[in-house]
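Given next are the chains, with one letter for each unit.
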Amino acid sequence: MDFAPVSPVDIEARGVAKRFGETPIFSDVSFRLARGEAVALVGANGAGKSTLLRCLMGLIPVSGGSVHLLGQETNAIKARALRDVRSQVGLVSQKHNLVPRLSVLSNVVHGLLGTSPGLRHWSHVLAPEMSRRAALHALDRVGMAGFAQRRADRLSGGQSQRVAIARAIVAAPKVLFADEPCASLDPSAGADVMDLLFRLVRDQGVTVVFTSHNIDHALKYGNRVLGLAHGRLQLDATAASLVAQDLRGLYD
Ligand SMILES: Nc1ncnc2c1ncn2[C@@H]1O[C@H](COP(=O)(O)OP(=O)(O)OP(=O)(O)O)[C@@H](O)[C@H]1O
């Protein structure tokens, strides 16, 4: 008998709860994300979107339940195993977090820090030739190869975010997290960055989880939408089955 191939589950949250001190942020959050899904995480300011993203990445511990990222329970594994998992994960955050005085190329080479220990990936001058080539290729894919030698603090916001995307994809991650990747950009630059990001992830079948306050973006770029409100996962639906009005309820 033939079985259709089943995509691996890249992220699984089982009854995840998070508190900061005595303050509960969310609880009972459960979902499974298969390889190649593009998931928008939405909700009002303070609903806990960034916190959930950080829990999923294993950057902060959960207060209850468990997170499995690429098959590993992030709260239960040793630091070294967690580093291995993280080396297969990329992050694009709201602020690009480039090192201002370093070149664009060195900043992208930093995306390979997780793949080999030591200082060789601190600067493109020390980096192995293969890494420099990978970084240039990533810059080419985001249309920034011509800026490789420019200092990062001489870029516009949109250019900086493109470089941040190059840094996030240079190590060919299986999973990409993006925390409001275009929040600091004007609508046109923001749309360019989202188009670029999702073209890249679709080309490579990467699983992506992104937070957004832009309902149109959530529906356009996500094939699935998760909504946090009042400390619970209130919505888990395919983007195709939703209209903007369904999402507005999360903001009451
Ligand atoms: N390290 C922390 N210590 C204590 N409280 C925190 C910490 N990080 C976040 N919080 C609180 O957790 C709640 C959720 O914050 P979070 O940034 O996850 O929300 P969000 O949905 O991403 O919000 P926004 O849309 O405004 O970015 C907020 O009340 C915030 O103040």
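Scoring rules and cut-offs
Along every chain, residues carry numbers that run from 1 in the direction the sequence is written. In keeping with the predicted nature of the model, local features appear solely for residues at pLDDT of at least 70, side-chain atom pairs appear and are counted solely at 80 or more, and the whole-chain, interface and lining totals rest on all residues. Helical segments are the DSSP runs of H or I of at least four residues, strand segments are the runs of E of at least two, and each set is numbered from the N terminus. Throughout, radius of gyration means the C-alpha value; the globule benchmark is 2.2 Å times the number of residues raised to the power 0.38. Three exposure classes are used. Buried residues have 20 or more other C-beta atoms within 10 Å of their own C-beta, exposed residues have 12 or fewer, and partly exposed residues fall in between, all C-beta atoms being placed from the backbone. All the domain ranges listed were derived from an automatic or database domain assignment. Any two residues are considered in contact once their C-beta atoms, placed from the backbone, lie within 7 Å. In this description, strands pair whenever DSSP reports at least two bridges between them. By definition, a nonpolar core groups buried Ala, Val, Leu, Ile, Met, Phe, Trp, Tyr and Cys residues that connect through C-beta atoms lying within 7 Å of each other. Axes here mean lines fitted to C-alpha atoms, for a helix over just the part in contact, with angles spanning 0 to 180 degrees between N-to-C directions. The rule is simple: place the C-beta atom from the backbone, and if it lies within 6 Å of a molecule or strand, the residue is near it. Note on residue categories: nonpolar means Ala, Val, Leu, Ile, Met, Phe, Trp, Tyr, Cys or Pro, charged means Asp, Glu, Lys or Arg, and polar means any other residue, Gly included.

By the naming in an unreviewed UniProt entry, the protein goes by ABC transporter and is assigned to Tateyamaria omphalii.

**Quick look at the overall build of the protein**
Regarding its fold elements, the protein presents eight helices and ten strands. A compact globule built from 252 residues should have a C-alpha radius of gyration of about 18 Å, and the protein, at 18 Å, falls within 12% of that. Taken along the three principal axes of its C-alpha coordinates, the protein extends 55 × 50 × 40 Å. For the protein, with 252 residues in total, the buried portion stands at 41%.

**Regarding the domain arrangement of the protein**
Entries for the protein in the domain assignment read domain 1 (7-88 + 175-252) and domain 2 (98-172). Just the C-alpha atoms count here: the centres of domain 1 and domain 2 sit 25 Å apart. Contacts between domain 1 and domain 2 engage 14 residues on the former and twelve residues on the latter. Among the elements of the structure, α2 (79-86) and α6 (187-204) are those that each provide at least two residues to the side of domain 1 that touches domain 2. With six residues, α6 is the largest single contributor of residues to the side of domain 1 that touches domain 2.

**Quick look at the pairing of strand β10 (residues 232-238)**
Here six bridges tie strand β9 (residues 224-229) to β10, and the two strands are oriented antiparallel to one another. Opposite leucine 226, over in β10, you have aspartate 236 as the bridge partner. Linking β9 to β10, which pair antiparallel, is a turn of two residues; within it histidine 230 sits at a positive phi near 50°.

**What to know about the nonpolar core**
Formed by 69 residues in total, the largest nonpolar core has its most connected members in Leu56, Val108, Ala166 and Phe177. The biggest single contributor to this core is helix α5 (residues 157-169), with six residues. Counting contributing residues, this core receives three or more from each of domain 1 (7-88 + 175-252) and domain 2 (98-172). The contact partners of leucine 56, leaving out residues within four places of it in the chain, are Ile11, Ala13, Val67, Leu69, Phe177 and Val209.

**So, unusual backbone geometry**
Located in the positive-phi region is leucine 70, a residue other than glycine, with phi close to 50°. Relative to the helices and strands, leucine 70 is located in the loop between β4 (64-69) and β5 (72-73). Owing to 19 C-beta atoms within 10 Å, leucine 70 belongs among the partly exposed residues under this scheme. With a phi close to 50°, alanine 172 is a non-glycine residue in the positive phi region. Checked against the element boundaries, alanine 172 lands in the loop between α5 and β7 (175-179).

**A word on the pairing of strand β2 (residues 23-34)**
Direction of pairing for strand β1 (residues 9-20) relative to β2: antiparallel, over a ladder of eight bridges. Bridging from a neighbouring strand, arginine 19 pairs with proline 24 of β2. In this structure, the hairpin formed by β1 and β2 is closed by a connection of two residues, where glycine 21 is found at a positive phi of approximately 60°.

**Notes on the sheet that holds strand β6 (residues 89-92)**
To summarise the sheet geometry, strands pair through backbone hydrogen bonds and adopt either a parallel or an antiparallel arrangement. Read across the open sheet, the six strands follow the order β6-β7-β8-β3-β9-β10; overall the sheet is mixed. This sheet does not close on itself; its edge strands, each paired only once, are β6 and β10. If you compare each strand with its neighbour and ignore which way they point, the axes differ by 15° on average. In this sheet, strand β8 (residues 207-211) lies alongside β7 in parallel orientation, the contact comprising five bridges. Among the inter-strand pairings, phenylalanine 177 is bridged to a residue of β8, identified as valine 209.

**Digging into the sheet that holds β5**
Spatial ordering of the open sheet is given by β2-β1-β4-β5, a layout of four strands whose pairing is antiparallel. Each edge of the sheet is formed by a strand with only one pairing partner; in this case those strands are β2 and β5. Taken together, the two bridges between β4 and β5 define a ladder with antiparallel strand orientation. Considered in β5, the bridge of histidine 68 is made with glutamate 73. Helix-sheet contacts for helix α1 (residues 49-57) involve β1, β2 and β4, and the interaxial angle to β1 is about 125°.

**Let's talk about the site of the ligand**
Taken together, the residues surrounding the ligand are Phe20, Ile25, Gly43, Asn45, Gly46, Ala47, Gly48, Lys49, Ser50 and Thr51. No other element matches α1, which puts three residues into the shell around the ligand. Taken together, the residues of the shell around the ligand break down into three nonpolar, six polar and one charged.

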